[in-house]
Amino acid sequence: MSDVLPATMTAIGYDTPGGPEVLRATTLPVPRPDAGQVLVQVAFAGVNRPDVIQRQGFYPPPPGASPVPGLEIAGTIAALGEGVGPELLGQEVCALVTGGGYAEFCLADARHCLPVPEGLTLAEAAALPETLFTVWHNVFERGYAGEGETLLVHGGTSGIGTTAILLGKAFGLTVVTTCGSDEKCAAARDLGADLAINYRTQDFVEHTRAFTHGRGADVVLDMVSGSYVARNLEALAEDGRHVTIAVLGGLTAEINMAKVMAKRLVLTGSTLRARPDAFKALLADEIANQVWPLVEEGRLRPVMDRTFPLGEAPAAHARMEAGAHIGKIVLAVA
Ligand SMILES: NC(=O)c1ccc[n+]([C@@H]2O[C@H](COP(=O)([O-])OP(=O)(O)OC[C@H]3O[C@@H](n4cnc5c(N)ncnc54)[C@H](OP(=O)(O)O)[C@@H]3O)[C@@H](O)[C@H]2O)c1
């Protein structure tokens, strides 16, 4: 199949980090898959906050990753590397990738692909991998969230937040979330959040504790850090788990370690992109078994904000940075 591939493709790149306007269309060679990889003809690429942080110059691609932004894609497998089963050729898949998504073709590890079931559009499929892998790993594997427990997730209408609400409810959690406006709180409640707290007008510690009859949340999924960490610990129940996935509100935190002892708290966190391929393959397997049946049955769909053509990647980034979006932004490539 690779002999019918074009030699070059359009991709989005930038010369130097900066604002959304540094993103521009460029022509690059179509990559060829190595052993264990597939080449996906991209139909849609998801836009994530880490792409914005990469473009700003604060989140460089890990060694070996494409400098082209884009951590998740959906499309059709157009070529196979050595050792990949021939049945995959022509399949519609979505995939978690370490970069390169904002392009007409993108390489993916065959083990990091999930089949696109009937009823799921390719735009929706492209909006799933990054937040699904992140939320599954951090809430359920690191945070050990179990049925009947309470999850507190900040940024309830973000890509991560909407996925955390949907997954949390699908797996029997009570979900408390914080958002920056009443409109966003209403959207979070519509998605199934049991309580949505406007953090600009309400104290999330007080409201989480009151909602849980003084007990507190069992797991906090935190993307804010900074001054939020001490408050999150206040909002946690005994034996609570604090999981950090981003530091949007500040890199450092001052916390009372006596509270960690007294409440037997666990503090953990992770970043997905730099994890080894073998780890991501295990995670993909876990998601295929535990979560994908919900997608196949139509019971789990990403919350879609807006679709922009690939060439309008600057506008897509500007929308994300303005913070008015609810759910996922995607780029239409094909
Ligand atoms: N560790 C990992 O593996 C991993 C993987 C993927 C993403 N992430 C991180 O997760 C975060 C969310 O990603 P995303 O793609 O879902 O981004 P997004 O849709 O742009 O969401 C960002 C959210 O952060 C909230 N926020 C920002 N600053 C805040 C503050 N100071 N206080 C309270 N809330 C604040 C905003 O909520 P309001 O608009 O309601 O204020 C917004 O909903 C990003 O930082 C990203 O880098 C981490």
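Residues numbered from 1 in each chain as written. Predicted model: local features only at pLDDT ≥ 70, side-chain atom pairs only at ≥ 80, totals over all residues. Heavy atoms only, no water.

**Student:** Sorry, what's going on with the environment of Pro-302 here?
**Tutor:** Summarising the element assignment, Pro-302 is placed in the loop between α10 (292-296) and β14 (304-309). The spacing of Pro-302 and Ala-126 is 176 residues in sequence and 9.4 Å in space, taken between C-alpha atoms. Excluding residues within four positions of it along the chain, Pro-302 makes contact with Leu-120, Glu-124, Ala-127 and Leu-128. (Helix = DSSP H or I, 4+ residues; strand = E, 2+ residues; numbered from the N terminus. Contact = heavy atoms within 4.5 Å.)

**Student:** Explain the packing of helix α3 (residues 129-142) against helix α4 (residues 159-170) here, please?
**Tutor:** Closest axis-to-axis distance for the α3/α4 pair is 9 Å, and the angle between their directions is 60 degrees. Taken together, the axis directions place α3 and α4 in an arrangement best described as oblique. The hand of the α3/α4 crossing is right-handed. Across the interface between the two elements, Thr-131, Leu-132, Thr-134, Val-135, Trp-136 and Phe-140 from α3 touch Gly-159, Ile-160, Thr-163, Ala-164 and Leu-167 from α4. Of the residues contributing to the contact of α3 with α4, the split by class is seven nonpolar, four polar and no charged. (Axes fitted to C-alpha atoms, helices over the stretch in contact; angles between N-to-C directions. Parallel < 35°, antiparallel > 145°, perpendicular 65-115°, else oblique. Left-handed = near helix turned anticlockwise from the far one by under 90°. Nonpolar A, V, L, I, M, F, W, Y, C, P; charged D, E, K, R; others polar.)

**Student:** Sorry, what's going on with the packing of aromatic side chains here?
**Tutor:** When we look at a pair of aromatic rings, we describe it by the centre distance and by the angle of the planes. With the rule as written, the count across this model stands at four aromatic pairs. In this structure, Arg-231 is placed above the aromatic ring of Tyr-228, and the distance from its NZ or CZ to the ring centre is 5.5 Å. The residue whose ring lies beneath Arg-275 is Phe-279, and the NZ or CZ to ring-centre distance is 3.8 Å. (Phe/Tyr/Trp six-rings, centres within 6.5 Å; stacked < 30°, edge-to-face > 60°. Lys NZ or Arg CZ within 6 Å of the ring centre and 35° of its normal.)

**Student:** Is there a simple way to think about α3 in this case?
**Tutor:** An α-helical segment advances 3.6 residues per turn. Residues three or four places apart therefore align on the same side. Between the first and last C-alpha of α3 there are 18 Å, a value that for 14 residues agrees with the 20 Å anticipated at 1.5 Å per step. Judged by how many residues are buried, α3 sits mostly within the fold: 12 of 14 residues are covered. When we look at burial in α3, the residues that qualify are Pro-129, Glu-130, Thr-131, Leu-132, Phe-133, Thr-134, Val-135, Trp-136, His-137, Asn-138, Val-139 and Phe-140. Positive backbone phi, at 50 degrees, marks Tyr-144, one or two positions downstream of α3. (Expected span 1.5 Å × (residues − 1). Buried < 20%, exposed > 50% of the residue type's maximum accessible area, 1.4 Å probe, protein only.)

**Student:** When you look at the site of the ligand in this model, what are you seeing that I'm missing?
**Tutor:** Lining the immediate environment of the ligand, one finds 26 residues, of which Gly-180, Lys-184, Tyr-199, Ser-270 and His-325 sit closest. Here an oxygen atom of the ligand sits 2.8 Å away from a polar atom, N or O, in the main chain of Ile-160. The contact in question runs from an oxygen atom of the ligand to an N or O atom on the backbone of Leu-272, over 2.8 Å. Expressed as a share of its isolated accessible area of 920 Å², the protein-covered part of the ligand is 87%. The set of elements that each furnish at least two residues to the shell around the ligand consists of α1 (49-55), α3 and α4. Considering every element that reaches the shell around the ligand, the biggest residue donor is α1, with three residues. When the residues that make up the shell around the ligand are grouped by side-chain class, the tally is 13 nonpolar, nine polar and four charged. (Near = heavy atom within 4 Å. Polar contact = N/O pair within 3.5 Å; in protein donor to acceptor, adjacent residues only side chain to side chain. Areas by Shrake-Rupley, 256 points an atom, 1.4 Å probe, with all protein chains shown as cover.)

**Student:** Sorry, what's going on with the domain arrangement of the protein here?
**Tutor:** By a widespread convention, an interface's size corresponds to the accessible area lost as its parts come together. By domain assignment, the protein separates into domain 1 (8-128 + 273-332) and domain 2 (131-269). The C-alpha centroid of domain 2 is placed 27 Å from the C-alpha centroid of domain 1. Facing the 25 residues of domain 1 at the interface are 19 residues of domain 2. The contact between domain 1 and domain 2 buries some 1800 Å² in all, and 74% of this surface belongs to carbon and sulfur atoms. Counting across the interface, domain 1 meets domain 2 through zero salt bridges. For the pair domain 1 and domain 2, the interface holds four residue pairs in polar contact (both at pLDDT 80 or more). (Domains from an automatic or database assignment. Buried area = accessible area lost by both parts, 1.4 Å probe. Salt bridge = Lys/Arg side-chain N within 4 Å of Asp/Glu carboxyl O.)

**Student:** Which parts of the structure should I look at to understand the pairing of strand β6 (residues 105-109)?
**Tutor:** Consecutive residues of a regular strand have side chains that alternate between opposite faces of the sheet. The element β6 is extensively covered by neighbouring structure, given that four of its five residues are classed as buried. By the bridge criterion, five bridges tie strand β3 (residues 37-47) to β6 in an arrangement that is antiparallel. Paired with Gln-37 across the bridge in β6 is Asp-109. (Pairing = 2+ DSSP bridges.)

**Student:** Explain the sheet that holds strand β8 (residues 150-153) here, please?
**Tutor:** Adjacent strands of a sheet pair through backbone hydrogen bonds, lying either parallel or antiparallel. Reading across from one edge, β10-β9-β8-β11-β12-β13 is the order of the six strands in this open sheet, with parallel pairing throughout. Edge strands, defined here as strands with exactly one partner in the open sheet, are β10 (195-198) and β13 (266-269). Strand-to-strand twist in this sheet, taken as the mean axis angle between neighbours without regard to direction, amounts to 20 degrees. Relative to β10, strand β9 (residues 174-179) runs parallel, the two being bridged by four bridges. Bridge pairing in β10 places Thr-177 opposite Ala-196. Sheet contacts for helix α7 (residues 228-235): β8, β11 (217-222), β12 (236-244) and β13; angle to β12, the most-contacted strand, approximately 145 degrees.

**Student:** Honestly, the environment of Pro-50 in this entry has me stumped. Any pointers?
**Tutor:** Mapped onto the elements of the fold, Pro-50 is located in helix α1. Placed 26 residues apart in sequence, Pro-50 and Thr-76 show a C-alpha to C-alpha distance of 24 Å. Leaving out residues up to four positions away in the same chain, Pro-50 has contacts with Tyr-59, Leu-71 and Glu-130.

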